[in-house]
Amino acid sequence: MEPKRIIAMTVWGNRVSPVFDCSATLLIAETRGSHIVHRRFEPFNPVMEKQTADIFSRFQVDVLICGAITDGQSESLIKLGVQLIPFISGDAVEILESFLQH
């Protein structure tokens, strides 16, 4: 069985949110290999760093795909062990599927 990986993505509608710090929703996808096993949408307020850290820890997020992100936010997430893939834009599902193929 392939290992489980949790990928989070800031979304705005069906697109990657252009700025992490202004996002209100995370798409959280549980994956195995190149397959999405489960996904959910989780509301959050990225300005509240403790709440953000709690969400990333609770869901055991391995990777964050997002648009622009401030240095402070990125440093906080990296300290949690989250692999950060910033400055991404486009259709959220297409980007997630493309990420899983590589």
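## As for the overall build of the chain
Along the chain, the regular secondary structure elements total 3 helices and 6 strands. When its helices and strands are written in sequence order, the chain yields β-β-β-β-α-β-α-β-α. The C-alpha atoms of the chain give 12 Å as radius of gyration, which agrees with the globular expectation for 102 residues (13 Å, within 12%). Expressed as lengths along the three principal axes of its C-alpha atoms, the size of the chain is roughly 35 × 25 × 20 Å. Here the chain holds 9 positive side-chain charges and 12 negative ones, and the gap between their average locations is 6 Å.

## Re the environment of Asp91
As for its position among the elements, Asp91 is in the loop between strand S6 (83-85) and helix H3 (92-101). In this structure the C-alpha to C-alpha distance between Asp91 and Phe41, which are 50 residues apart in sequence, comes to 15 Å. Among the polar contacts listed, one links the side chain of Asp91 to the backbone nitrogen of Val93, at a separation of 3.2 Å.

## What about helix H2 (residues 71-79)?
Within H2, burial applies to Gln73, Ser74 and Leu77. End-on view of H2: buried residues confined to an arc of 95 degrees, all on one side of the axis. Set apart from the buried face of H2 by more than 90 degrees, the exposed residues are Asp71, Ile78 and Lys79. Positive backbone phi, approximately 90 degrees, marks Gly81, located one or two places after H2.

## With respect to the pairing of strand S4 (residues 35-43)
On a regular strand, each side chain points to the face opposite its neighbour's, so the side chains alternate between the two faces of the sheet. By the bridge criterion, 8 bridges tie strand S3 (residues 25-32) to S4 in an arrangement that is antiparallel. Each bridged residue has a counterpart across the sheet, and for Arg32 the counterpart in S4 is His35.

## Here's the deal with the environment of Gly13
Its location among the elements puts Gly13 in the loop between strand S1 (4-12) and strand S2 (15-16). Here the alpha-carbon distance between Gly13 and Ala92, two residues 79 residues apart in the chain, equals 8.8 Å.

## A word on the side chain of Thr31
When you line up the elements, Thr31 lands in strand S3. Sequence-distant contacts of Thr31, that is, excluding residues within four places in its chain, are made with Pro3, Lys4, Arg5, Ile7, Ile36, Val37 and Leu100.

## Considering the pattern of salt bridges
Working definition: two side chains of opposite charge can pair if their charged atoms are close together. Within this structure, the stated rule accounts for 2 salt bridges. Among the salt bridges present, the one from Arg40 reaches Glu42, with a minimum N-O distance of 3.0 Å. Classification of Arg40 by relative accessible area gives partly exposed; the value is 36%. By relative accessible area, Glu42 is classed as buried at 11%. Residues Asp54 and Lys50 are paired through a salt bridge, measuring 3.2 Å at the closest nitrogen-oxygen approach. One end of the pair, Asp54, and the other, Lys50, are both in helix H1 (residues 49-58), 4 residues apart, so they sit about a helical turn from each other.

Conventions adopted
Residues numbered from 1 in each chain as written. Predicted model: local features only at pLDDT ≥ 70, side-chain atom pairs only at ≥ 80, totals over all residues. Heavy atoms only, no water. Helix = DSSP H or I, 4+ residues; strand = E, 2+ residues; numbered from the N terminus. Rg over C-alpha atoms; globule rule 2.2 N^0.38 Å. Lys, Arg positive; Asp, Glu negative; His and termini not counted. Charge placed at Lys NZ, Arg CZ, Asp CG, Glu CD. Polar contact = N/O pair within 3.5 Å; in protein donor to acceptor, adjacent residues only side chain to side chain. Buried < 20%, exposed > 50% of the residue type's maximum accessible area, 1.4 Å probe, protein only. Arc of directions from axis to C-beta. Pairing = 2+ DSSP bridges. Contact = heavy atoms within 4.5 Å. Salt bridge = Lys/Arg side-chain N within 4 Å of Asp/Glu carboxyl O.

That is the geometry; function is a separate question.
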